[in-house]
Structure formats: C-alpha cells, structure tokens
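One letter stands for each residue in the lines below.
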Amino acid sequence: MYISTISTVLLVCGTFVSAATTAKAKSTSTSSGILAVESPAWLPAFKAPTGVNSGYPTGELTLSDTLPRETLDLSAYPAPWGKVSTTHPEVKKVIAAIDWTKVPKAPVRKTKANGDIDMTGYDSAKDPYCWWSDSNCVKPKASYLPEDVSFCPNAGDWGLNYDDGPYNPSSQDKELNKWAEPELYNFLAKTKNQKATLFYIGSNVATYPEAAKRALNDGHVLCSHTWSHPQMTTQTNEQVVAELYWTLRAIKEATGITTKCWRPPYGDVDDRVRAIAWQMGMLTYLWDEDTNDWNMPGDGGGNLAPSTVDGYFEGWINKQKSGTDKHGHIVLEHELNNATVQMTEKWLPKLQETFNVVSIHQCMNISQPYWETNWVYPTEAEPNVGANTTTTSSAVPVSTSAIPSVSSVAPAVSSVAPSTAEGDSANSIKNNNAASAASSLQKSAIVPAAIAIGAAAYFF
C-alpha cells in the first residue's frame, strides 16, 4: 500500500499546538522534525455567526432552494477578486508572527506574456524547492515541512473535493443561477448524504457567506483556496501571506471556523509557499488525478468536449473494477459553473457504485480539520465519532423565494474570475502527472490500527 501521504499525517501528529501565539518567537520542532506551529492568534475575535452548527451535524439536514444573499462587510476586505492588500495592519501582524528563517528563499517566479509561469533556469533534475508545477513534487525538500496530501492511501477510496466555491449566483444571468449554490450542496445531501472537502475562494465567501454556512452545516470540510486564485509561486512573500490571510478571515467571519487546510491554485506551490502556509496553520492539499472539468463549455469555461471528461470518469471506474489501483484517489473537480456542477451530478452516483466516496479528510483519517476543537468529523477509522456531537438548533433559513437583488453585491462580482481553473496554465503546469509522481514513491504497508492512532493526534 502507498503510505507516503498518510505517513506525513502520522509524522506531523502533535506539531500543531492549541496555545495561541501573540508574538514572533523562535520556531521549534517536534520529535518528528516537523516545524511546530500554533493556533492563529492574529485573526480578529469575531462574534459567533448566527445560523451555524456548533459541531458536526448528526441529525436531518435543513435544505433550501435558495439562500440569503447578504455579504460580509466588504469594506473590511480587498475588492472581491482584486489585488490583495499587503500593507494592511492585520496582514502586517501575520507577517511579523512568521519565522522567516524557516521560509526557504526560493525565487519569486515570473510569468510569460500568455500568463504561463516562466520555468527558464530552474534545475528540474535537482528540484531544490519541490516545485509541484515543474516536477509534481509533494515531499518538501525542507525537512521541517510535512508532505502534501495528494491521494487517498486506501485503494477503492475516492476523496471527493471541489475547488473555487462557493459558486455565487449571477446578478446578470438568471438561467445560470439554478446551478449556483445551494444546487450542488442539495444534490450531495440527497445523494446518500455525500460529504466532500471544499476549497474556497475567499472572495466568493465574502460575497456569499450563507453558502459557506450551509456547506459547514451539511458536514462538508471547508478549506482555503486563496483570495483571488493566483499562481502562488509568482507572489512575493507578503502577497502569499495576504492571499491566505484574507481567505482565512472571510471563512472565519462567515462560519466561525479556522481551517487547517489549503490548496494552491493550479497546484502551483514550492517550499517557500508551503512554509508560509504551514506557519499560518495550514497543510497543503493537492490531487493525483484531474477531470479538467473547468475547460468544458460553460460559464467562463473552455472548449473541452464533455465526452472527454466522461471518458476520464469511465477510465477511473474501469481501473478500480479491474483491481489494479494501488491506492485511492483525490480527483480534482470544481463547483465553478453550470458545466462542472452538471458533470458531477452525472457521475457521482456512478462513482458511489464503485468507490468508497468520502471527503479527503475522511479518507486520510483526519477528524479535526479546524483549530476549533468542537468540530469532530467521522473518519474511516472512527466512522461514528460525530455521533455524540451537540449541534445548535439554528440552521440556514429556508427560502422559497427567488434570489433577491442585494445592493451590497456588486453586479460585476461573479463566482469565479476569468482563467482561474487549475488547468488554465496546462502548458507550463503539469497537473496531469501527479498520479505518476505519487505512484513512483516506494512505500511499505501500514495497518489500520496505526493509522487510527496517528490520526487521533493529527492537527488536534
């Protein structure tokens, strides 16, 4: 069995500590050698949001066809999908809290005229900074950083995940609104109460916080996917901090949780970016297979024939049926537009017939994906761990009316900016080869009991 990633989960057990940090301090390492990090103390102390469960849902879910369209206080944030502020006092506070001696000095990458990353001069053979865009490297060269999560360790597992949400309704195209949230979340709830890991764009959370609340109340895991979806290795250290900070802030204000997981847009990450994210309390999550669903014809999409994406799903299902899979999969999908939502609605029931479809966190036996300890999720090792979790009676209000026009939502704000999907820079970012990168790792077997023991301490 391939255990590279699950081994990382075991190794970093205890490297997160719950005590808050209030000042920059010398970094310490655990017995595993992984840099110890602490619960973020630099986020504002928001009032607990209304309509949010106090823990993992164990009762019947509250479904609705529409959600309120109030936004967060957008004056407190960068413009949705706009350039992030790096000089804001809140961002400066985070910058001051990071131990920069533990951030590798990888160069800030440049982009070509067409937007692709310029890889000229990078030593691919040595890959000194574990640059995923160049080599699909998921095991940092910096020994004090944990390995990325990139696949499910158990063959037969499908770690369901969606990028770029929450999918906002459009103020300009009512026909597309039926595919915006809560469409996907309703579908998941009605399809065997399916759970997923959701990688959220901070801008989309700020403009549609009720969708984030709804996802959390439904039992999905919320993670960060940056504020504006840039190629992160092209960002300065300060910009990396800001992209991550404003997203953490929006998720925290909207839902009350502080996530421990993030995914770099396009998969573009190296040890410099990983180290900053890690010190901000987040482990890096990637994938080992890609649907390329972002490139199908749809709102803001491309020209990839849906039949091609159908073929990918058929191939993964047939391979699993053949018994040749050596590990489970994390297959990249999006809640990006009408086309991607329709595609997952077509294939999820078929996947459930062949795979054990769970969230990424469940396949990795991670029960506490947030710094808040009241949220305890089921895992494969402890499937009933949430049975005694108490939740509040408040839920996202049911609305049967059409989506109202809200003046605080700018008409130009959409659920995704142009050219944001992971595969847009496919010529330079080899995001279809992650599976072979993971498969090339030679691993030994691990018994489920060991996984359960390790997972009990991870991030807790």
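Parameters at a glance
Residues numbered from 1 in each chain as written. Predicted model: local features only at pLDDT ≥ 70, side-chain atom pairs only at ≥ 80, totals over all residues. Heavy atoms only, no water. Core = buried A, V, L, I, M, F, W, Y, C linked by side-chain atoms within 4.5 Å. Buried < 20%, exposed > 50% of the residue type's maximum accessible area, 1.4 Å probe, protein only. Helix = DSSP H or I, 4+ residues; strand = E, 2+ residues; numbered from the N terminus. Contact = heavy atoms within 4.5 Å. Phe/Tyr/Trp six-rings, centres within 6.5 Å; stacked < 30°, edge-to-face > 60°. Lys NZ or Arg CZ within 6 Å of the ring centre and 35° of its normal. Expected span 1.5 Å × (residues − 1). Lys, Arg positive; Asp, Glu negative; His and termini not counted. Salt bridge = Lys/Arg side-chain N within 4 Å of Asp/Glu carboxyl O. Polar contact = N/O pair within 3.5 Å; in protein donor to acceptor, adjacent residues only side chain to side chain. Axes fitted to C-alpha atoms, helices over the stretch in contact; angles between N-to-C directions. Parallel < 35°, antiparallel > 145°, perpendicular 65-115°, else oblique. Nonpolar A, V, L, I, M, F, W, Y, C, P; charged D, E, K, R; others polar.

**Q** Explain the nonpolar core here, please?
**A** Burial of nonpolar side chains together is a common tendency in soluble globular proteins. Ranked by internal contacts, the top residues of the largest apolar core, which has 100 residues, are Trp158, Tyr200, Leu244 and Met280. Sort the elements by how many residues they give to this core and helix H8 (residues 237-255) lands first, with 10 residues. Excluding its chain neighbours within four sequence positions, the residues that come into contact with Trp158 are Cys152, Phe313, Trp316, His329, Val331, Glu333, Leu351, Phe355, Asn356, Val357 and Val358.

**Q** Sorry, what's going on with the packing of aromatic side chains here?
**A** Aromatic ring pairs are defined here through the distance separating the ring centres and the angle between the ring planes. In this structure the tally under the stated criterion is 17 aromatic pairs. Centre to centre, the rings of Tyr245 and Trp246 are 5.1 Å apart; their planes meet at 70°, and the pair counts as edge-to-face. Of the two residues, Tyr245 and Trp246, both sit in the buried class. Taken together, the ring pairs in this structure connect Trp158, Tyr312, Phe313, Trp316, Trp347 and Phe355 into an aromatic cluster. A cation sits over an aromatic face here: Arg69 above Tyr208, 5.0 Å from the ring centre.

**Q** Mind showing me how you'd approach H8 here?
**A** Over its 19 residues, H8 extends 27 Å from the first C-alpha to the last, a length consistent with the 27 Å expected when each residue adds 1.5 Å. With 15 of 19 residues buried, H8 is to be regarded as a mostly interior element. Gly256 sits one or two residues past H8 and shows a positive phi near 90°.

**Q** Even after reading the chapter, I still don't get the side chain of Asp157, so can you show me in this structure?
**A** Looking at the secondary structure, you find Asp157 in strand S5 (residues 157-165). Of the side chains with opposite charge, Lys192 comes closest to the buried, unpaired Asp157, at an N-O distance of 14 Å. Beyond its immediate stretch of four places on either side in the chain, Asp157 contacts Cys152, Gly328, His329, Phe355, Asn356, Cys363 and Glu380.

**Q** Just checking my understanding: could you explain the environment of Trp131 for this structure?
**A** Relative to the helices and strands, Trp131 is located in the loop between strand S4 (117-118) and helix H3 (132-135). Judged by its relative accessible area of 0%, Trp131 falls in the buried class. For the pair Trp131 and Thr233, spaced 102 residues apart in sequence, the C-alpha separation works out to 8.7 Å. Within the structure, Trp131 has its side chain in polar contact with the side chain of Asp268 (distance 2.9 Å).

**Q** Please clarify how the packing of helix H5 (residues 183-190) against helix H11 (residues 338-354) should be interpreted in this entry.
**A** Helix-helix packing is characterised by the crossing angle of the two axes and by the distance between the axes. One can describe the packing of H5 onto H11 by two numbers: an axis separation of 11 Å at closest approach and a directional angle of 5°. Between H5 and H11, the angle is such that the two are roughly parallel. Seen from H5, the contacting residues are Glu183, Leu184, Phe187 and Leu188; seen from H11, they are Val341, Thr344, Glu345, Leu348 and Pro349. Within the contact of H5 with H11, the residues separate by chemical class into six nonpolar, one polar and two charged.

**Q** Help me understand the pattern of salt bridges, please; the structure alone is not making it clear to me.
**A** If the charged atoms of two oppositely charged side chains come close together, the side chains can form a pair. Tallied over the entire structure, the rule returns 11 salt bridges. Asp163 is the salt-bridge partner of Arg263, the closest N and O atoms lying 2.7 Å from each other. With Arg263 in the loop between strand S8 (261-262) and helix H9 (271-279) and Asp163 in strand S5, this pair connects stretches of sequence that are 100 residues apart. When sorted by exposure, Arg263 lands in the same class as Asp163, which is buried.

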